[in-house]
Amino acid sequence: MQIQKLNNDVGALCTGIVCQTVRDDSEINQIYQALCHHGLLVFSAQELGGADLTNFMSKFTTLRPRHGVEITLDGFPHVVIVSNIEENGEAIGHQPDQGIEWHSDGTGWQQDTLATCLYGVEIPKQGGDTLFANGYLSLNALPPALAKQVKSLSITYSRLYLYERLGRANGLSAGERARFSDVTKPLVVTHPVTQQEALVFSIEECKCIDGMNESQSYEFLSQLLEFITDDNQIYRHQWSVGDLLVWDNRCMMHTPTEYNYATQRRRLHRVIGLEPS
């Protein structure tokens with residue numbers, strides 16, 4: 001496997017590898033170490049079905065089952081369909097349509113997530129890019145005084161709060177509502193493998209930050225985003241069919257971007273892996 005850094009050092013392009021056939025322990029370890037250090041790995045021209053995605057991600061992590069409004073691929077309970085496509089009047093998946101929404105997957109869950117993979121099945125002709133910010137680099141992009149401040153802060157997330165903001169709370173069962181209690185985490189985390197500090201958060205899932213109310217917390221995170229999502233700080237992935245992206249949620253943030261939801265079709269398959277409990 002060859003590894004080449006992506007634009008602005010946010011992630012890496014991996015070539016010379018077929019993800020469908022990865023079995024050797026040394027190759028698995030090479031991929032995992034690259035994931036931890038680069039944060040985002042891009043594999044192009046892959047042919048991966050539900051079983052392939054499940055098997056590939058299972059080599060690195062315990063898979064997270066579906067929840068809430070998610071729809072999964074038939075026969076594969078861990079493969080979530082991210083799509084705006086309707087068939088016979090029914091949505092085949094779920095596609096958030098709010099545009100830019102910087103986050104890290106799983107911030108509001110009790111058990112931390114390790115990694116996410118996203119696979120391109122059907123791609124719109126224009127738009128629908130995914131943007132990434134590397135939490136290692138984001139911390140260094142802040143002015144020294146602000147970097148010192150964020151290292152001392154904790155942030156409280158509410159999964160229910162997020163669903164209500166996005167208008168998706170009606171899709172939750174009573175049991176799911178009971179499971180989604182508030183979670184408080186440090187704003188800056190130390191990666192368990194690299195031991196590097198990383199700034200990662202989900203702005204729409206934030207209920208409050210230490211010593212701040214809701215509006216102050218949102219304003220503070222918006223200020224951070226101005227520093228860490230400048231064009232020279234991020235990587236923009238323009239999708240092609242067969243692209244597989246894998247990113248480490250312990251050090252990466254990302255956001256979807258808009259496309260014409262009414263006239264363009266988009267379908268991605270996603271698997272999320274959990275940190276060991």
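Residues numbered from 1 in each chain as written. Predicted model: local features only at pLDDT ≥ 70, side-chain atom pairs only at ≥ 80, totals over all residues. Heavy atoms only, no water.

Undergrad: How should unusual backbone geometry be read in this particular structure?
TA: Most peptide bonds adopt trans geometry, and most residues besides glycine take a negative phi value. Unusually for a residue other than glycine, Asn8 sits at a positive phi of about 60°. Mapping Asn8 onto the fold places it in the loop between β1 (2-5) and β2 (12-15). (Helix = DSSP H or I, 4+ residues; strand = E, 2+ residues; numbered from the N terminus.)

Undergrad: When you look at the side chain of Ser83 in this model, what are you seeing that I'm missing?
TA: Along the polypeptide, Ser83 turns up in strand β6 (residues 76-83). For Ser83, the side chain forms a polar contact with the main-chain nitrogen of Ile85, separated by 3.0 Å. Ser83 has contacts with Ile92, Gly93, His94, Gln95, Arg266 and Arg267, leaving out every residue within four places of it along the chain. (Polar contact = N/O pair within 3.5 Å; in protein donor to acceptor, adjacent residues only side chain to side chain. Contact = heavy atoms within 4.5 Å.)

Undergrad: How should the sheet that holds strand β11 (residues 154-157) be read in this particular structure?
TA: Strands belonging to one sheet form pairs held by backbone hydrogen bonds; the direction of such a pair is parallel or antiparallel. With antiparallel pairing, three strands are arranged side by side in an open sheet as β12-β11-β15. If you trace the sheet from one side to the other, it starts and ends with β12 (183-186) and β15 (206-209), each paired once. Between one strand axis and the next, the sheet turns by 25° as a mean value, whatever way the strands run. As paired strands, β11 and β15 are joined by three bridges and run antiparallel to one another. Residue pairing for β15: Thr156 is matched across the bridge by Cys208. Here helix α7 (residues 214-228) sits on the sheet and contacts β11 and β15; the angle it forms with β15, its principal contact strand, is near 90°. (Pairing = 2+ DSSP bridges. Axes fitted to C-alpha atoms, helices over the stretch in contact; angles between N-to-C directions.)

Undergrad: Quick question: what am I supposed to make of helix α1 (residues 25-38) here?
TA: Helical geometry: 3.6 residues make up each α-helical turn, so side chains three or four residues apart lie on a common side. Here α1 contains 14 residues, and its C-alpha end-to-end distance of 20 Å stays within 8% of the 20 Å for a straight helix at 1.5 Å per residue. The complete set of buried residues in α1 reads Ile28, Ile31, Tyr32, Ala34, Leu35, Cys36 and His38. The first or second residue beyond α1 is Gly39, which carries a positive phi of 85°. (Expected span 1.5 Å × (residues − 1). Buried < 20%, exposed > 50% of the residue type's maximum accessible area, 1.4 Å probe, protein only.)

Undergrad: Is there a simple way to explain the pattern of salt bridges in this structure?
TA: Two side chains that carry opposite charge are able to pair once their charged atoms sit near each other. Counting across every chain of the model gives 10 salt bridges. Note that Glu197 and Lys151 form a salt bridge whose closest N and O atoms lie 3.2 Å from each other. You can see Glu197 sitting in strand β14 (residues 197-199) and its partner Lys151 sitting in the loop between α4 (144-150) and β11, a full 46 residues away along the chain. When its relative accessible area of 35% is taken as the criterion, Glu197 is described as partly exposed. Residue Arg250 pairs with Asp248 through a salt bridge whose shortest N-O separation is 2.9 Å. If you follow the salt bridges from partner to partner, you end up with Arg64, Glu70 and Arg270 in one network. (Salt bridge = Lys/Arg side-chain N within 4 Å of Asp/Glu carboxyl O.)

Undergrad: Looking at this structure, how should I read empty space enclosed by the protein?
TA: Once rolled over the atoms, a probe with the size of a water molecule shows which space is left empty. All told, the structure shown has one cavity of 30 Å³ or more when counted by the stated rule. Of the volumes computed, that of the largest cavity is approximately 520 Å³. If you go around the largest cavity, you meet 35 residues; those closest to its centre are Pro96, His103, Asp105, His254 and Arg270. Per-class residue counts for the lining of the largest cavity are 14 nonpolar, 12 polar and nine charged. (1 Å grid on protein atoms, 1.4 Å probe; cavity = no way out; pocket = protein on both sides within 12 Å on 5 of 7 lines; lining within 4 Å. Points joined across faces, edges and corners; volume = space filled by probe spheres on them. Nonpolar A, V, L, I, M, F, W, Y, C, P; charged D, E, K, R; others polar.)

Undergrad: Looking at this structure, I do not really get the packing of aromatic side chains. What am I missing?
TA: Given two aromatic rings, their pairing is described by the distance between the two centres and the angle made by the two planes. Counted according to the given criterion, the structure contains four aromatic pairs. Seen from their ring centres, Phe132 and Trp247 are 5.1 Å apart, and the 65° between their planes marks the pair as edge-to-face. Of the two residues, Phe132 sits in strand β10 (residues 130-134) while Trp247 sits in strand β17 (residues 244-248), which places them 115 residues apart along the sequence. Between Tyr259 and Tyr261, the ring centres sit 4.5 Å apart and the planes meet at 55°, which makes this aromatic pair tilted. On the basis of relative accessibility, which here comes to 7%, the residue Tyr259 falls in the buried class. Relative accessible area serves as the criterion here: at 24%, Tyr261 is assigned to the partly exposed category. Following the ring pairs from residue to residue traces out a cluster consisting of Phe43, Phe56 and Phe60. (Phe/Tyr/Trp six-rings, centres within 6.5 Å; stacked < 30°, edge-to-face > 60°.)

Undergrad: How should I be thinking about the layout of surface pockets in this particular structure?
TA: Here the largest pocket is characterised by a volume of approximately 290 Å³. Every residue lining the largest pocket is counted, 18 residues in all, and those nearest its centre are Asp112, Lys185, Val189, Asn249 and Arg250. Among the residues making up the lining of the largest pocket, the classes are represented as six nonpolar, seven polar and five charged. The calculated volume of the second largest pocket comes to roughly 250 Å³.

Undergrad: What should I look at first to understand the nonpolar core in this one?
TA: Soluble globular proteins: nonpolar side chains tend toward being buried together. With 31 residues, the main nonpolar core has Phe43, Phe56 and Leu244 as its most contacted residues. For this core, the secondary structure elements donating two or more residues are β2, α1, β3 (40-43), α2 (50-58), β6, β9 (113-122) and β17. Counting 27 residues, the second-largest nonpolar core is a separate cluster that includes Trp102, Ile155, Leu199 and Ile234. (Core = buried A, V, L, I, M, F, W, Y, C linked by side-chain atoms within 4.5 Å.)

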